[in-house]
Amino acid sequence: MPWWNPRAIRYLRANLPSSGKAFEWGSGGSTVWLSNRGLTVTAIESECEWADRVKERCPAADVRFIPGTNSGEHRSEPQLRDEGEHFFDEYVSAIDAFPDDSLDVVVVDGLCRIECARRAGPKVKPSGIVVVDDTNWQFVLPPPETFEGWECLTLSGFKSNSGPCVYSTTFFRRPK
């Protein structure tokens, strides 16, 4: 299962196509879950050992390890696991290889979330969805103009792996 709150999982399950393409920044339970639902998944991961574990658990997915570097434009958030130590330009730009309007769902659940969300928009098909996890953390919220004109829904609840904290997941649906 994805490490999202149950309301978010139910919403995405109800709104996923039965086949199609998914792209993720950050990999894990959601990679397996999306793949098991018939989607072709490309997942970008910044931690080598975790990428290897996900590849082992979900060989059908294209899980790519892309580490941070010592220079660049897109530094990780100081509040997340890399603590702002590295730059993730190649990680962020991995989605650029996909044509515009080609992805059914894009999950933003890794590093450099605001820039990843910004890059996701043009890649999603009309009626496609961009998922930004942990939007209860204000520092990962994309600016409103990023998805201007898109439907927006935020669902909150407890995550199964997080203890007694309420987390939010925000869905942006591209207009037809």
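Residues numbered from 1 in each chain as written. Predicted model: local features only at pLDDT ≥ 70, side-chain atom pairs only at ≥ 80, totals over all residues. Heavy atoms only, no water.

Caption draft 1: Region of the structure containing the packing of aromatic side chains. Counting across every chain of the model gives 10 aromatic pairs. When the centroid spacing of 4.8 Å and the interplanar angle of 65° are considered together, the rings of Phe 147 and Trp 150 count as edge-to-face. Among the residues examined, Phe 147 registers a relative accessible area of 4% and is labelled buried. Given a relative accessible area of 17%, Trp 150 falls into the buried group. Each residue in the set Phe 23, Trp 25 and Phe 98 is aromatic and connected to the rest through ring pairs, giving one cluster. (Phe/Tyr/Trp six-rings, centres within 6.5 Å; stacked < 30°, edge-to-face > 60°. Buried < 20%, exposed > 50% of the residue type's maximum accessible area, 1.4 Å probe, protein only.)

Caption draft 2: Structural detail: the pattern of salt bridges. Considering all chains together, one arrives at 13 salt bridges under this definition. In this structure, Asp 104 engages Lys 125 in a salt bridge whose closest nitrogen and oxygen atoms are separated by 3.4 Å. Highlighted residues: Asp 104 in strand β4 (residues 103-108) and Lys 125 in strand β5 (residues 124-133), separated in sequence by 21 residues. Judged by relative accessible area, which is 13%, Asp 104 ranks as buried. Where salt bridges share partners, they join Asp 109, Arg 113, Asp 133, Asp 134 and Lys 159 into one cluster. (Salt bridge = Lys/Arg side-chain N within 4 Å of Asp/Glu carboxyl O. Helix = DSSP H or I, 4+ residues; strand = E, 2+ residues; numbered from the N terminus.)

These values are about where atoms sit, not about what they do.
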